Amino acid sequence: MSKPMLMPWPLEVSETELQPAVLLACHMVDEVWEVADAEQAEAFFRSTGRRIGRAYPLGEVRSNDEILASMNAFWAESGWGRTALRFAGTGLEIVHSGLPSPPPGVELARWRETAICVLAGIYDHWLGQLGGSDSIRTRVTGSSARGVDFFYGA
């Protein structure tokens, strides 16, 4: 089975020129948040992130520099920003910056919450594959207009 095609949101597209995949995704995001409670929606989008992580594994990485380079190569290709990693106590601090702007018609707050859940799921999968535990989840420790801070660890 081949990998799904990456389709970063086209930021220059006006609302009258929405591409079918973007139109469908925008309405799917809205529908999930409207029919599910917040916990269910967050779980769905985190699961979606894990699916993306499985579809785009980090590959054969042997060092911290290779892990970071592989992550940032994916983020650059997908248009989803970049990351910095720092070891801290019993885990890993993840600083993710450069979140993509919301597609036309998607409320900024809803888009950010969705993106944060998806990112957490991707990091859950990637770091779990590098030796983390299924019981450890990536959690948000802070956010700003420019990005989000996560912690993966105990």
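This text follows the structure it describes.
The structure displayed is predicted, hence computed values, not measured ones. (Residues numbered from 1 in each chain as written. Predicted model: local features only at pLDDT ≥ 70, side-chain atom pairs only at ≥ 80, totals over all residues. Heavy atoms only, no water.)

(A) Looking closely at the pairing of strand S2 (residues 91-97). As paired elements, strand S1 (residues 82-88) and S2 share seven bridges and run antiparallel to each other. Residue pairing across strands places Arg86 opposite Glu93, the latter belonging to S2. Between S1 and S2, which pair antiparallel and follow one another directly, the connecting turn spans two residues, one of which, Gly89, has a positive phi of 55 degrees. With seven bridges joining them, S2 and strand S4 (residues 147-153) adopt antiparallel strand pairing. (Pairing = 2+ DSSP bridges. Helix = DSSP H or I, 4+ residues; strand = E, 2+ residues; numbered from the N terminus.)

(B) View of the sheet that holds S1. Reading across from one edge, S1-S2-S4-S3 is the order of the four strands in this open sheet, with antiparallel pairing throughout. The sheet terminates laterally at S1 and strand S3 (138-143), the two strands that pair on one side only. Each strand axis lies, on average, 25 degrees off the axis of its neighbour in the sheet, ignoring direction. Summarising the sheet, S3 and S4 pair through five bridges and their orientation is antiparallel. Of the residues in S4, the one forming a bridge with Thr138 is Tyr152. Its contacts with the sheet place helix H3 (residues 64-78) against S1 and S2, and it is angled at close to 150 degrees to S1. (Axes fitted to C-alpha atoms, helices over the stretch in contact; angles between N-to-C directions. Contact = heavy atoms within 4.5 Å.)

(C) Representation of the packing of aromatic side chains. Enumeration over the complete set of coordinates arrives at 10 aromatic pairs. Look at Trp75 and Trp126: their rings are 5.3 Å apart centre to centre, the planes differ by 55 degrees, and that puts the pair in the tilted class. With Trp75 in helix H3 and Trp126 in helix H4 (residues 108-129), this residue pair connects regions lying 51 residues apart in the sequence. Taken as a pair, Trp75 and Trp126 share a single burial class, namely buried. Site record: aromatic cluster; members linked through ring pairs are Tyr56, Phe74, Trp75, Tyr123, Trp126 and Phe150. (Phe/Tyr/Trp six-rings, centres within 6.5 Å; stacked < 30°, edge-to-face > 60°. Buried < 20%, exposed > 50% of the residue type's maximum accessible area, 1.4 Å probe, protein only.)

(D) Highlighting the packing of helix H2 (residues 38-55) against H4. With their axes 6 Å apart at the nearest point, H2 and H4 run at an angle of 45 degrees to one another. One way to sum up the angle between H2 and H4 is to call them oblique. With respect to the hand of their crossing, H2 and H4 are arranged in right-handed fashion. For the pair formed by H2 and H4, the contact residues are Glu42, Phe45, Arg46, Gly49, Arg50, Ile52, Gly53 and Arg54 on the first element and Glu113, Thr114, Cys117, Val118, Ala120, Gly121, Ile122, Asp124, His125 and Trp126 on the second. Looking at side-chain class alone, the contact of H2 with H4 contains seven nonpolar, five polar and six charged residues. (Parallel < 35°, antiparallel > 145°, perpendicular 65-115°, else oblique. Left-handed = near helix turned anticlockwise from the far one by under 90°. Nonpolar A, V, L, I, M, F, W, Y, C, P; charged D, E, K, R; others polar.)

(E) Representation of the pairing of S4 in the model. Judged by how many residues are buried, S4 sits mostly within the fold: six of seven residues are covered. Linking S3 to S4, which pair antiparallel, is a turn of three residues.

(F) Broad picture of the nonpolar core. One finds Met71, Trp75, Leu119, Tyr123, Trp126 and Phe150 to be the most contacted residues of the largest nonpolar core, which totals 34 residues. Sorting the residues of this core by element identifies helix H1 (20-35), H2, H3, S2, H4 and S4 as the ones contributing at least two each. Here this core gets 11 residues from one element, more than from any other, and that element is H4. Look past the residues within four positions of Phe150 in its chain and what remains in contact with it is Leu92, Glu93, Ile94, His96, Ile116, Leu119, Ala120, Tyr123, Thr138, Arg139, Val140 and Thr141. (Core = buried A, V, L, I, M, F, W, Y, C linked by side-chain atoms within 4.5 Å.)

Scope: geometric values only; no functional claims are made or implied.
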